[in-house]
Amino acid sequence: MSTENLPQSPEQPPRKPRVAVVFGGRSSEHGISVVTAGAVLKAIDRTKYDVLPIGITQDGRWALTADEPERMAIVDRRQPSVDLLAESDEGGVILPVDPANREVVYSEPGSVPKALGEVDVVFPVLHGPYGEDGTLQGLLELSGVPYVGSGVLASAVGQDKEYMKRVFTSFGLQVGPYLVIRPREWQQDEPAARKKIVDFAGEHGWPLFVKPARAGSSIGITKVDDLSGLDEAIAEAQRHDPKILVEAALRGREIECGVLEFEDGPRASAPAEIPSPEDHAYYDFEAKYIDSTPGIVPAPLTAEETAQVQRLAVDAFEATSCEGLVRADFFLTEDGEFVINEINTMPGFTPISMYPKMWEASGVSYPELVDRLVQAALRRSTGLR
C-alpha cells in the first residue's frame, strides 16, 4: 500500500495517512517503550501524517493517551508510564478484527463507543514480550493493518535468544557459547539444572552472563563472577522470564550496526562501538538509559572491519526474515572475529539510543528515519509475503 493509493472522494482533497503509534505494554520494558514513543511522536512529520497515540498499560488495557511527547521522558531517574498519560482510567481502544474495516473505536463503560477513524499503519514501539515478540504483529495481521517492523516469525525469533542463536548458526553466523535452562528443567530437578550451569562455567570459565531468554534493554541480566552469585542471578533472570540463557563472557569490543529497509532492500548503517562503562560492570540498563553511557559513532574500525560487520548485520536481518529495521550487536574478539550476540527487531529508539545515532552518522536524520519506516510499512501488504 502506498500513500498515493489511500481512499479519497472526488469532493475532498486526499487525506493524510493515519499512523497509530502504539507503546507501553505489559513487559518490564514498559517505561523505555513510552520514552521511545515520545521521541517518535515528536519527530513524525505532522504535515504528512495524522497521528493517533495509543498506550497499553502494564495490565494490558489499550488506552487513548494525550499526544504530549514532553511527558514521555525519564525524569529524575523515574520512567514514564501509560497510566500517567491515559485520558481515562477505564476507557479502552479497540482495534478492528475485520480486514475490510480499519476503523479504531474508543469505548468507556456506560457511554456510546466513539469512532476514532481509520488507521492506515501502526507504528508499534513496544519492547519485550507482548509486543515485540510477534504477538502484536499477529493481531495486526488478523486485522489487516500494515505495521512498521518485522512480521510474526521474525519478531518471535528476534525476541527468543535461544532460537535466534539457532537460526544464526544454521545460516553460518558465528555465535558465542551459551546454555539454555527451560522452566521444566528447573522445576523438575533444580540441582541438575544448576549443575549444568556449573559444568558450563567449568568448560568456558567465569564470568558468566545469566539473562532472561526473552527480554531486552539489558533488564534482568547479571554478570556472575563466581559460584557465590549464581543463585541470585538465576532468580533475577527468572523474575522476567521462566526460561533463562547463560552465556560465556567474550573478550573483545562491543560493536553495533543498524539495518534499515530502503526501496531497493536492506542497508547497513555506520557501526558504533560501546565502550566499557566506567561505573558499571557491563553495558546494563542503568548505563544505557539512566547514565547515558555514550557510544562511539562511527566505531574506530578499519575499512575492512566496517564492511565486514555491515555485511554480517544485513546477513542477520535476512537470516531471520526481518523487515523494516534491526539493530545487530556483535563482539569483535581479540582474534579479530565478529561474533553476533543478538538482534533487536524494535531497537531502542529514544533520542540517546544507538540505532538512530548510527543512522544519523550515516546521513539519515531521526525524522527521515521515522518517515522511511512508515513508508516501508505502507509499501508492504499484510498476510503471506
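Residues numbered from 1 in each chain as written. Predicted model: local features only at pLDDT ≥ 70, side-chain atom pairs only at ≥ 80, totals over all residues. Heavy atoms only, no water.

### Section: the sheet that holds strand 3 (residues 62–64)
Phase 1 of the analysis: Read from one edge of the open sheet, four strands run 3-2-1-7, paired in mixed fashion. A single partner strand is all that each edge strand has here, and the edge strands are strand 3 and strand 7 (121–124). Ignoring which end each strand starts from, the neighbouring axes of this sheet average 30 degrees apart.
Phase 2 of the analysis: Summarising the sheet, strand 2 (residues 50–56) and strand 3 pair through three bridges and their orientation is antiparallel. Looking at the pairing, Gly-55 lines up with Ala-63 of strand 3. (Pairing = 2+ DSSP bridges. Helix = DSSP H or I, 4+ residues; strand = E, 2+ residues; numbered from the N terminus. Axes fitted to C-alpha atoms, helices over the stretch in contact; angles between N-to-C directions.)

### Let's talk about the pairing of strand 2
Within a regular strand, the side chains alternate between the two sheet faces.
Phase 1 of the analysis: With six of seven residues buried, strand 2 lies mostly within the body of the structure.
Phase 2 of the analysis: Handedness of the β-α-β unit built from strand 1 (residues 18–24), helix 1 (residues 30–43) and strand 2 comes out right-handed.
Phase 3 of the analysis: Connecting strand 2 to the next strand, strand 3, in antiparallel fashion are five residues, including Gly-60 with a positive phi near 95 degrees. (Buried < 20%, exposed > 50% of the residue type's maximum accessible area, 1.4 Å probe, protein only. Right-handed = clockwise from strand over helix to strand, strands pointing away.)

### A word on the domain arrangement of the protein chain
Phase 1 of the analysis: You can read the domains of the protein chain as domain 1 (18–147), domain 2 (158–175 + 251–367) and domain 3 (178–248).
Phase 2 of the analysis: On a C-alpha basis, the centroid separation for the pair domain 1 and domain 3 is 34 Å.
Phase 3 of the analysis: Each side of the interface is counted separately: domain 1 has four residues, and domain 3 has six residues.
Phase 4 of the analysis: Note on domain 1 versus domain 3: buried area summed over both sides is about 370 Å², and carbon and sulfur give 50% of it.
Phase 5 of the analysis: The largest contributions to the domain 1 side of the interface with domain 3 come from Ser-28, Glu-29 and Pro-129, which together make up 89% of the buried area.
Phase 6 of the analysis: There are zero salt bridges connecting domain 1 and domain 3.
Phase 7 of the analysis: The tally of links from domain 1 across to domain 3 stands at one residue pair in polar contact (both at pLDDT 80 or more).
Phase 8 of the analysis: When grouped by side-chain class, the residues that make up the side of domain 1 that touches domain 3 number two nonpolar, one polar and one charged. (Domains from an automatic or database assignment. Contact = heavy atoms within 4.5 Å. Buried area = accessible area lost by both parts, 1.4 Å probe. Salt bridge = Lys/Arg side-chain N within 4 Å of Asp/Glu carboxyl O. Polar contact = N/O pair within 3.5 Å; in protein donor to acceptor, adjacent residues only side chain to side chain. Nonpolar A, V, L, I, M, F, W, Y, C, P; charged D, E, K, R; others polar.)

### Let's talk about the nonpolar core
Within soluble globular proteins, side chains that are nonpolar tend to cluster in buried spots.
Phase 1 of the analysis: Grouped together as the largest cluster of nonpolar side chains are 36 residues, with contacts concentrated most on Val-21, Phe-23, Phe-123 and Phe-349.
Phase 2 of the analysis: Residue assignment for this core shows that the elements contributing at least two residues are strand 1, helix 1, helix 2 (82–85), strand 7, strand 12 (252–262), helix 11 (354–361) and helix 12 (366–379).
Phase 3 of the analysis: It is helix 12 that contributes the most residues to this core, seven residues altogether.
Phase 4 of the analysis: Per-domain counts for this core show at least three residues from each of domain 1 (18–147) and domain 2 (158–175 + 251–367).
Phase 5 of the analysis: Those residues within four positions of Phe-349 in sequence are excluded, and the remaining contacts are Thr-36, Ala-39, Val-40, Leu-325, Tyr-355, Pro-356, Tyr-366, Leu-369, Val-370 and Leu-373. (Core = buried A, V, L, I, M, F, W, Y, C linked by side-chain atoms within 4.5 Å.)

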